[in-house]
Amino acid sequence: MPWRRGKAYAQDLRERVLAATGTLGQVAMRFGVSASYVSRVRSRHSRLGQASPGVQGNHMPLRLGPLEPELLKQVALAPEQTLAQLCQWVKVEHGIAVGTTTMCKTLARFGLTLKKRRSMPASSSALTLHRRERPGSPSSP
């Protein structure tokens, strides 16, 4: 049975794996699953007495999602703030401790970037050097 991202194997397969006898490798080969899957199913059944899959932890809501309006307002008020300063502001004002990585990803999801202005054009001396280094290009006046 091929692995599918984010989906649990069917309940009937879990029950058949639990009912099967043999080593992990033998049961895994018989049902076309990995030995670690057989081990996890058996372990969960012995620990909790459940044959059903556990709750998946993916698709977590954004930690700072509810703060979007306040966060956008804070960035608009002081756009020169660093990520660390924004993290400190969130901790003081809202009691949520987050790292700079979380803050950076949150701001990106809100459509904000770290770059505050467009990059500056190269200086005229750099352009002149570039023109001189290229053979066959017309010289500047």
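The preceding data block contains the structure.
Residues numbered from 1 in each chain as written. Predicted model: local features only at pLDDT ≥ 70, side-chain atom pairs only at ≥ 80, totals over all residues. Heavy atoms only, no water.

A. Seen up close, the packing of helix H5 (residues 83-94) against helix H6 (residues 100-109). Remark: H5 packs on H6, axes separated minimally by 9 Å, with the N-to-C direction vectors making an angle of 95 degrees. Considered as vectors, H5 and H6 are oriented roughly perpendicular to each other. In this structure, H5 contributes Leu-83, Ala-84, Leu-86, Cys-87 and Val-90 to the contact, and H6 contributes Thr-100, Met-103, Cys-104 and Leu-107. (Axes fitted to C-alpha atoms, helices over the stretch in contact; angles between N-to-C directions. Helix = DSSP H or I, 4+ residues; strand = E, 2+ residues; numbered from the N terminus. Parallel < 35°, antiparallel > 145°, perpendicular 65-115°, else oblique. Contact = heavy atoms within 4.5 Å.)

B. Inspection of the side chain of Gln-81 at higher detail. Mapping Gln-81 onto the fold places it in the loop between helix H4 (68-77) and H5. Here Gln-74 takes part through its backbone oxygen, which lies 3.4 Å from a polar atom of the side chain of Gln-81. (Polar contact = N/O pair within 3.5 Å; in protein donor to acceptor, adjacent residues only side chain to side chain.)

C. A look at the environment of Ser-39. Assignment of secondary structure puts Ser-39 in helix H3 (residues 35-48). Ser-39 gets classed as partly exposed once you look at its relative accessible area, which sits at 32%. Through-space distance from the C-alpha of Ser-39 to that of Leu-18 is 9.8 Å; in sequence the pair is 21 residues apart. (Buried < 20%, exposed > 50% of the residue type's maximum accessible area, 1.4 Å probe, protein only.)

D. Quick look at the nonpolar core. Membership of the largest hydrophobic core comes to 13 residues, with the highest contact counts inside it found for Leu-64, Leu-71, Leu-86, Val-90, Val-98, Met-103 and Leu-107. Mapped onto this core, the elements with two or more residues apiece are H4, H5 and H6. Among the elements that take part in this core, H5 stands out by supplying five residues, more than any other. Discounting chain neighbours no more than four positions away, the residues touching Leu-71 are Leu-64, Leu-86, Trp-89, Val-90, Met-103, Thr-106, Leu-107 and Phe-110. Judged by nonpolar contacts, the second largest core, of 11 residues, contains Ala-28, Val-33, Tyr-37 and Val-41. (Core = buried A, V, L, I, M, F, W, Y, C linked by side-chain atoms within 4.5 Å.)

E. Here's a closer look at the environment of Thr-101. Relative to the assigned elements, Thr-101 resides in helix H6. Counting along the chain gives 17 residues from Thr-101 to Ala-84, while the straight-line C-alpha distance between them is 9.6 Å.

F. Expanded view of H4. Buried within H4 we find Leu-71, Gln-74 and Val-75. Down the axis of H4, the smallest arc covering the buried residues is 95 degrees, so these residues share one side. Among the exposed residues of H4, those oriented more than 90 degrees off its buried face are Pro-69, Lys-73, Ala-76 and Leu-77. Looking at the packing, one finds that the buried side of H4 touches H5 and H6. (Arc of directions from axis to C-beta.)

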